[in-house]
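# Fold and geometry: a report
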Amino acid sequence: GQQVMQIPQYQHVQEGEDFTTYCNSSTTLSNIQWYKQRPGGHPVFLIQLVKSGEVKKQKRLTFQFGEAKKNSSLHITATQTTDVGTYFCAGLAGNQFYFGTGTSLTVIP
Amino acid sequence: EAGVTQSPTHLIKTRGQQATLRCSPISGHTSVYWYQQALGLGLQFLLWYDEGEERNRGNFPPRFSGRQFPNYSSELNVNALELEDSALYLCASSLSRRVAFFGQGTRLTVV
């Protein structure tokens, strides 16, 4: 069945270091979305990518959608303590969202 | 515009009891998704409702069920509660399978 895997599962970085999480799907996706869940909170929508090879930026965050529309990445430049949380990707395949397993980011001051 | 609302915020039940969780989607959204998030874990897909019908369900036993009402709100029912059912239950709504917006969740504790 459809699966969306994310790596790494956990990541600890020093404040100021960069961070990347990768999302891989077993099938082609119609689009991919990224969400952030702060500790104790609920997932909040960050961005949606639709086109093959698409790259979008939000300040220090860079999102990419693979050429084959099967993978995606989120890169954070110069992490800050406010970046702490779990980042989920969600791919749309068929008519359903498939959420990745999430990457939990800890930023050490 | 109101976001996705879930009630109750917290729910404590005894093993063997039934729990009912409610979700009101964003106005105009016809799809409702339910997810279970156990402590420290990812989102496990439970159910998807669209236009009043169950479209898909995750790998959960039949004691997890739900429905969607004509106004697109939804209920998740969990029968014969087990200790392992303790988790955050998240509801999300979307329109035409575009962006999913999440509610704050219901924290279910089974004792």
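Note: the structure precedes this text.
Please read these numbers as outputs of a predicted model, since none were measured by experiment. (Residues numbered from 1 in each chain as written. Chains lettered and ligands numbered in written order. Predicted model: local features only at pLDDT ≥ 70, side-chain atom pairs only at ≥ 80, totals over all residues. Heavy atoms only, no water.)

## Considerations on the overall build of chain A
Helix and strand content of chain A: 0 helices and 11 strands. Start at the N end of chain A and walk to the C end: the helices and strands fall as β-β-β-β-β-β-β-β-β-β-β. For chain A, whose C-alpha radius of gyration is 13 Å, the value lies close to the compact-globule estimate of 13 Å for 109 residues. Along the three orthogonal principal directions, the C-alpha set of chain A runs to about 40 × 25 × 20 Å. Per-residue burial over chain A gives 47% buried out of 109 residues. Considering only intrachain contacts with a sequence separation of at least 6, the fraction spanning at least 24 residues in chain A is 53%. (Helix = DSSP H or I, 4+ residues; strand = E, 2+ residues; numbered from the N terminus. Rg over C-alpha atoms; globule rule 2.2 N^0.38 Å. Buried < 20%, exposed > 50% of the residue type's maximum accessible area, 1.4 Å probe, protein only. Contact = heavy atoms within 4.5 Å.)

## Description of the environment of Thr-103 of chain A
All names here are of chain A. Among the structural elements, Thr-103 can be located in strand β11 (residues 103-108). Residue Thr-103 is classed as buried on the basis of its relative accessible area, which comes to 0%. Along the sequence, Thr-103 and Pro-8 sit 95 residues apart, while their C-alpha atoms lie 5.9 Å from each other. In this structure the side chain of Thr-103 is engaged in a polar contact, spanning 2.5 Å, whose partner is the backbone oxygen of Pro-8. (Polar contact = N/O pair within 3.5 Å; in protein donor to acceptor, adjacent residues only side chain to side chain.)

## What to know about unusual backbone geometry
Of note, the amide linkage connecting Ile-7 of chain A to Pro-8 of chain A takes the cis form, showing an omega dihedral of -5 degrees. Relative to the elements of secondary structure, Pro-8 of chain A occurs in the loop between β1 (4-7) and β2 (10-14). In this chain, Ser-7 of chain B is followed by Pro-8 of chain B through a cis amide linkage whose omega measures -10 degrees. By the secondary structure assignment, Pro-8 of chain B is in the loop between β1 (5-7) and β2 (10-13). Not every positive phi belongs to a glycine, and Lys-69 of chain A is a case in point at roughly 55 degrees. By relative accessible area, which is 19% here, Lys-69 of chain A ends up buried. Of note, Glu-51 of chain B is a non-glycine position whose phi angle comes to about 50 degrees, a positive value. Inspection of the secondary structure assignment puts Glu-51 of chain B in the loop between β5 (44-50) and β6 (53-57). Take Glu-51 of chain B: its relative accessible area is 45%, and that puts it in the partly exposed class.

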